[in-house]
Amino acid sequence: MGKTEGQAEEFRARLDKRLDELKWLYSELYHNDENAFQYFLSMLYRMYETRPEPMKQLDREREANPDWCRSNEVLGMMLYTNCFGGTLRGVQEHLPYLKEAGVTYIHLMPLLASPKGRSDGGYAVADFRTVEPELGTMEDFAALATACHKNGMSVCLDFVMNHTSEDHEWARRAKAGEKEFQDRYFFFDNWNIPNDFDRTVPQVFPTTAPGNFSWCDAVQKVVMTTFYPYQWDLNYANPTVFNDMTENLFFLCNQGADIIRLDAVPYIWKALGTTCRNLPQVHTLVRIMRMAVEIVCPATQLLGEVVMEPSKVVPYFGTLEKPECNMLYNVTTMATTWHTVATRDVRLMKHQLGQIFALPKQYSFLNYLRCHDDIGWGLDYGFLKQFGIDEVGHKHFLNDFFRGYFYGSDARGELYNDDPRIGDARLCGTTASLCGIEAAEYEGNQWKLDRAIRLDIMLHAFLFTLSGVPVIYSGDEIGQRNDYSYHEDPYKWDDSRYLHRGNFSWEDAEKRKDPTTREGRIFTALRELETIRATHEVFRAEADTWIMETYNDHILGIGRYYNGEKLVALFNFDVQDGTAWINEPEEYRNLLNGDRCRATAYGLPAFGFVWLYWSKEEEIEAAKQAESAREAAEKQAEKERKAAARKKAAEEKKAAKQVAEEAAAKAATEEAAAKAEAEEAAAKQAAEEAAARAAAEEAARKTVEAIMKTERAAKKSGTGAKTKRTAKKKGSKK
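Residues numbered from 1 in each chain as written. Predicted model: local features only at pLDDT ≥ 70, side-chain atom pairs only at ≥ 80, totals over all residues. Heavy atoms only, no water.

Looking at the overall build of the protein chain
Alright, step 1. Broken down by element type, the protein chain carries 24 helices and 23 strands.
Alright, step 2. Relative to the 2.2 N^0.38 estimate, which gives 27 Å for 734 residues, the radius of gyration of the protein chain is 50 Å and therefore markedly larger than a compact globule would have.
Alright, step 3. Over its C-alpha atoms, taken along the principal directions, the protein chain stretches across nearly 210 × 70 × 50 Å.
Alright, step 4. Every one of the 734 residues in the protein chain was classed for burial, and the buried ones make up 52%.
Alright, step 5. Across the protein chain, the fraction of contacts at a sequence separation of at least 24, relative to all contacts at a separation of at least 6, is 70%.
Alright, step 6. Accessible area of the protein chain: about 33900 Å², with a carbon and sulfur share of 52%.
Alright, step 7. In the protein chain, 94 side chains carry a positive charge and 112 a negative one; their mean positions are 20 Å apart. (Helix = DSSP H or I, 4+ residues; strand = E, 2+ residues; numbered from the N terminus. Rg over C-alpha atoms; globule rule 2.2 N^0.38 Å. Buried < 20%, exposed > 50% of the residue type's maximum accessible area, 1.4 Å probe, protein only. Contact = heavy atoms within 4.5 Å. Areas by Shrake-Rupley, 256 points an atom, 1.4 Å probe, with all protein chains shown as cover. Lys, Arg positive; Asp, Glu negative; His and termini not counted. Charge placed at Lys NZ, Arg CZ, Asp CG, Glu CD.)

Have a look at this one:
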């Protein structure tokens, strides 16, 4: 089987799997228009055939890994091409910066051809297959998409499906009187039916673009324009509109777009007597589009922009068996986040997140703090009512707080579409300016700046804690502030959303490497948080998530668990230090500094946060290490005991030797003393004997001398002496 046959088989396999439902829904919606359905199928195959082979290969890879966009490694960034890089080629040149920032998915804000001064920021499309000339060409976009894919990045494009610019070819031909093209829009010969619509259809921009219809002088008819007079609503009850618009979508996919943002999707079906919002036919259309994408380009994800209350947002996921959008904007959490910043009360956030955490894990939200649009205060006022909070009054408070009009607030923002009648003004401003960074730097107050940066980082940590895809608005990674220059531009000064749509400051971006600067502090902190999130499975979309009770209305607690890993995330929204009164049994590791601690009565500074991490694997490893340490300690103790015994024996031997030596020395001393004494006695005796002998000798000598003397005397006397001797001798004999 050749390559073409193989690809045809691939297409048929995908189509056959969905054909029954596809035909049933299409026929129901378009009243069994078989010709329109057959054209639709032929269009699908034509767009499949013209899809570049590298994109088809990506389709196959992602079919095998359908959750690729729900990975905890995905980080998005929204940016305007002209503000960020000037042109598409300029954006491509700055891809290294995006990689450094950890970005894996870039959302290029509207870049298709739209008329200057009547573009609505690019959302009034004049040609769905042409790039705005000042930004480049469609070839430039395809080259950028290819470069992104090589760098591990995916690309998101807006698909404005509710309306076209009045300069679009269809609109021009409608103005020229061609009925076929007027039927692609909503034209009325007079104001009767439009007035009937207005009885039930609310206004989107009551201040800047009041009403839902405009007069078309060229044909002397009324045309439906829900958003701005130069944006004509498309009539999706006409199958030709749906077929051709879906083909335009596939054209963008085939240029390299991975994610298609369906702009204003709740508005695409109109019916008299309704609000023309969230009608059942809208869900039918989105379901058909989802199946068509899975047939032609399954690598593509559909991102629905549904700026509605929560009960109307979730249905756009469809069901697990019949899904619609792959992802939805988490508008409610974004608005509730800023409500929590202003009130410092987390109870509404706990209530709102509790609803999201209860949804099937397959439902994936795109989470963000700020985007190109305003902040609408679509909060759950039914829940807030129990705390005595009135909707209109609360909206006034929030708008005052974030404009810095409320005592103690350092936020700086501006109103958008203020409607004094219903108090429904919305708000504009960058994350940094709403956190107080702009005011602190203007005042030169370092203490305020430190606190504002801490709040900014804490909010991003909260963003990264949620399941889904976190997306940063370009400039937030360096704390970029409001751009007030739009007030001087006649093309922009009527739209305060340009307050946060300023040019990216590459001069400020250079400061990201200096940790002492605001840019460096925020960039480094966010990069660290992103890296931690990407390297721990507990942040995966499949994780169990729940609200942790902190018994403190200023501190939000979120728990996460996945595959033996647990995270306790705490966020203090108060301007004062506080304590989260939690009592978790495990021993945790602080992911930010590595410290080990218990998760009990945990203290947090003002605008502080913490990620406490526990894993079964680490616990087992810690137990092994503890056992090894115990065994090592026992071995060391035994070694020390033996060493001590040897030392003791040596000391005892040494002591015995010393005693013996001392005894021997004593004995020797005593023996020497006795010997000396004996010698002394002997000497004394000898001396005495010598003295006695000497005395005897002396006595003898004296006797002899006396005798001799006598004899001499006798000799001298002669006879007398002889007689005496003779007489003596005679006497001696007796």
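Next comes the rest of the account.
Considerations on helix α14 (residues 331-343)
Alright, step 1. Over its 13 residues, α14 extends 19 Å from the first C-alpha to the last, a length consistent with the 18 Å expected when each residue adds 1.5 Å.
Alright, step 2. For α14, the buried fraction is high: 12 of the 13 residues fall into the buried class.
Alright, step 3. Buried residues of α14: Val 331, Thr 332, Thr 333, Met 334, Ala 335, Thr 336, Thr 337, Trp 338, His 339, Thr 340, Val 341 and Ala 342, and no others.
Alright, step 4. Following α14 by one or two positions, Arg 344 has its phi on the positive side, about 60 degrees. (Expected span 1.5 Å × (residues − 1).)

Side note on the environment of Glu 698
Alright, step 1. Tracing the sequence through the fold places Glu 698 in helix α23 (residues 616-717).
Alright, step 2. Distance in space between the C-alpha atoms of Glu 698 and Ala 660 is 54 Å, their sequence separation being 38 residues.

Some details on the side chain of His 163
Alright, step 1. By the secondary structure assignment, His 163 is in strand β6 (residues 163-165).
Alright, step 2. Residue His 163 is classed as buried on the basis of its relative accessible area of 2%.
Alright, step 3. Here Asn 162 takes part through its side chain, which lies 3.0 Å from a polar atom of the side chain of His 163.
Alright, step 4. Reaching out from His 163, the side chain makes a polar contact with the side chain of Gln 231 at a distance of 3.4 Å.
Alright, step 5. Once residues lying within four places of it in the same chain are set aside, the contact partners of His 163 are Tyr 123, Phe 128, Phe 227, Gln 231, Trp 232, Asp 233, Leu 234 and Asp 263. (Polar contact = N/O pair within 3.5 Å; in protein donor to acceptor, adjacent residues only side chain to side chain.)

A word on the sheet that holds strand β2 (residues 105-108)
Alright, step 1. Pairing within the closed barrel is parallel, and its 8 strands lie in the order β1-β2-β5-β11-β12-β13-β14-β17. Within this sheet the neighbouring strands show an average axis-to-axis angle of 25 degrees, counted without direction.
Alright, step 2. Both strand β12 (residues 301-304) and strand β13 (residues 327-329) contribute to a ladder of 2 bridges, which runs parallel. Bridged to Leu 303 within β13 is Met 327. (Pairing = 2+ DSSP bridges. Axes fitted to C-alpha atoms, helices over the stretch in contact; angles between N-to-C directions.)

Considerations on the layout of surface pockets
Alright, step 1. Considering only enclosed or pocket space, the largest pocket measures out at about 1300 Å³ in volume.
Alright, step 2. In terms of lining, the largest pocket is formed by 48 residues, of which the most central are Val 204, Tyr 267, Val 307, Asp 424 and Arg 426.
Alright, step 3. Sorting the residues of the lining of the largest pocket by element identifies β11 (259-263), α14 and α17 (391-401) as the ones contributing at least two each.
Alright, step 4. In terms of residue count, the dominant contributor to the lining of the largest pocket is α14 (3 residues).
Alright, step 5. Considering only residue class, the lining of the largest pocket consists of 21 nonpolar, 10 polar and 17 charged.
Alright, step 6. Of the volumes computed, that of the second largest pocket is approximately 910 Å³.
Alright, step 7. At 3 residues, helix α4 (residues 81-84) tops the list of elements feeding residues into the lining of the second largest pocket.
Alright, step 8. Taken together, the residues of the lining of the second largest pocket break down into 15 nonpolar, 11 polar and 12 charged. (1 Å grid on protein atoms, 1.4 Å probe; cavity = no way out; pocket = protein on both sides within 12 Å on 5 of 7 lines; lining within 4 Å. Points joined across faces, edges and corners; volume = space filled by probe spheres on them. Nonpolar A, V, L, I, M, F, W, Y, C, P; charged D, E, K, R; others polar.)

Observations concerning the sheet that holds strand β19 (residues 555-562)
Strands in a sheet are paired, the pairing made by backbone hydrogen bonds, and the direction either parallel or antiparallel.
Alright, step 1. As summarised here, the arrangement of the 6 strands in space is β18-β19-β20-β23-β21-β22, forming an open sheet in which the pairing is antiparallel. Of all strands in the sheet, those bounded by a partner on one side alone are β18 (544-548) and β22 (596-604). Each adjacent strand pair in this sheet contributes to an overall mean axis angle of 20 degrees, direction not counted.
Alright, step 2. Of the pairings in the sheet, the one linking β18 to β19 comprises 5 bridges and is antiparallel in character. The partner of Thr 545 across the bridge, within β19, is Arg 560.
Alright, step 3. Relative to the sheet, helix α15 (residues 347-357) contacts β18 and β19, its axis offset from that of β18 by approximately 160 degrees.

With respect to the side chain of Glu 414
Alright, step 1. Checked against the element boundaries, Glu 414 lands in strand β15 (residues 414-416).
Alright, step 2. An unpaired buried charge is present at Glu 414: no salt bridge exists, and Arg 403, the closest side chain of opposite charge, is 9.3 Å distant.
Alright, step 3. A distance of 3.0 Å separates a polar atom in the side chain of Glu 414 from a polar atom in the side chain of His 487.
Alright, step 4. Excluding anything up to four places from it in sequence, Glu 414 contacts Arg 403, Arg 426, Leu 427, Cys 428, Tyr 484, Tyr 486, His 487, Ser 496 and Leu 499. (Salt bridge = Lys/Arg side-chain N within 4 Å of Asp/Glu carboxyl O.)

What about the nonpolar core?
Alright, step 1. Counting 193 residues, the largest nonpolar core has Leu 44, Leu 108, Phe 402, Phe 571 and Trp 611 as the members making the most contacts within it.
Alright, step 2. Counting residues per element, this core draws most heavily on helix α20 (residues 446-465), which supplies 11 residues.
Alright, step 3. Excluding residues that lie within four positions of it along the chain, Phe 571 makes contacts with Met 458, Ala 461, Phe 462, Thr 465, His 554, Ile 555, Leu 556, Ile 558, Leu 604, Gly 608, Phe 609 and Trp 611.
Alright, step 4. The next biggest cluster of nonpolar side chains, apart from the first, holds 13 residues, and it includes Val 568, Ile 582, Tyr 602 and Val 610. (Core = buried A, V, L, I, M, F, W, Y, C linked by side-chain atoms within 4.5 Å.)

What to know about the packing of aromatic side chains
Think of a pair of aromatic rings as described by two things: how far the centres are apart, and how the planes are tilted against each other in angle.
Alright, step 1. For the structure shown, the criterion picks out 42 aromatic pairs.
Alright, step 2. For the pair Phe 205 and Phe 227, a centre-to-centre distance of 6.1 Å together with 65 degrees between the ring planes defines the contact as edge-to-face. Taken together, the positions of Phe 205 in the loop between α10 (192-198) and β8 (213-216) and Phe 227 in the loop between β9 (221-224) and β10 (231-233) put the pair 22 residues apart, joining distant regions of the chain.
Alright, step 3. For the ring pair Tyr 329 and Tyr 368, a centre distance of 5.6 Å and an interplane angle of 85 degrees mean the geometry is edge-to-face. One end of the pair, Tyr 329, is in strand β13; the other, Tyr 368, is in strand β14 (residues 364-368), with 39 residues separating them in the sequence.
Alright, step 4. On the accessibility criterion, Tyr 368 (7% relative accessible area) is buried.
Alright, step 5. Ring pairs connect the aromatic residues Phe 205, Phe 227, Tyr 228, Tyr 230, Tyr 267 and Tyr 416, which therefore count as one cluster.
Alright, step 6. Stacked on the ring of Trp 170, the Lys or Arg Arg 184 has its end atom at 4.5 Å from the ring centre.
Alright, step 7. Over the aromatic face of Tyr 498 sits the side chain of Arg 501, whose NZ or CZ is 5.1 Å from the ring centroid. (Phe/Tyr/Trp six-rings, centres within 6.5 Å; stacked < 30°, edge-to-face > 60°. Lys NZ or Arg CZ within 6 Å of the ring centre and 35° of its normal.)

Some remarks on the environment of Ala 606
Alright, step 1. The topology assignment puts Ala 606 in the loop between β22 and β23 (609-615).
Alright, step 2. Among all residues touching Ala 606, those that are not within four sequence positions of it are Arg 454, Asn 572, Asp 574, Val 575, Gln 576 and Asp 577.

As for a positive patch on the surface
Alright, step 1. A cluster of like positive charges, contributed by Lys 709, Arg 712, Lys 715 and Lys 716, occupies part of the molecular surface.
Alright, step 2. By the element assignment, Lys 715 lies in helix α23. (Patch = residues over 30% accessible without salt bridge, like charges linked within 9 Å, V, L, I, M, F, W, Y side chains within 5 Å.)

Some details on empty space enclosed by the protein
Alright, step 1. Scanning all chains against the criterion turns up 5 cavities of 30 Å³ or more.
Alright, step 2. When its volume is computed, the largest cavity comes out at roughly 150 Å³.
Alright, step 3. If you go around the largest cavity, you meet 19 residues; those closest to its centre are Tyr 473, Ser 474, Gln 480, His 500 and Gly 502.
Alright, step 4. Broken down by secondary-structure element, the contributors of at least two residues to the lining of the largest cavity are β1 (76-79) and α4.
Alright, step 5. A class-by-class count of the residues in the lining of the largest cavity yields 8 nonpolar, 7 polar and 4 charged.
Alright, step 6. Of the volumes computed, that of the second largest cavity is approximately 70 Å³.
Alright, step 7. Along its surface, the second largest cavity is lined by Leu 108, Met 109, Pro 110, Leu 111, Leu 112, Gly 122, Val 125, Phe 128, Leu 157, Asp 158, Phe 159 and Val 160.
Alright, step 8. The element best represented in the lining of the second largest cavity is strand β5 (residues 154-160), accounting for 4 residues.
Alright, step 9. Partitioned by chemical class, the residues of the lining of the second largest cavity number 10 nonpolar, 1 polar and 1 charged.

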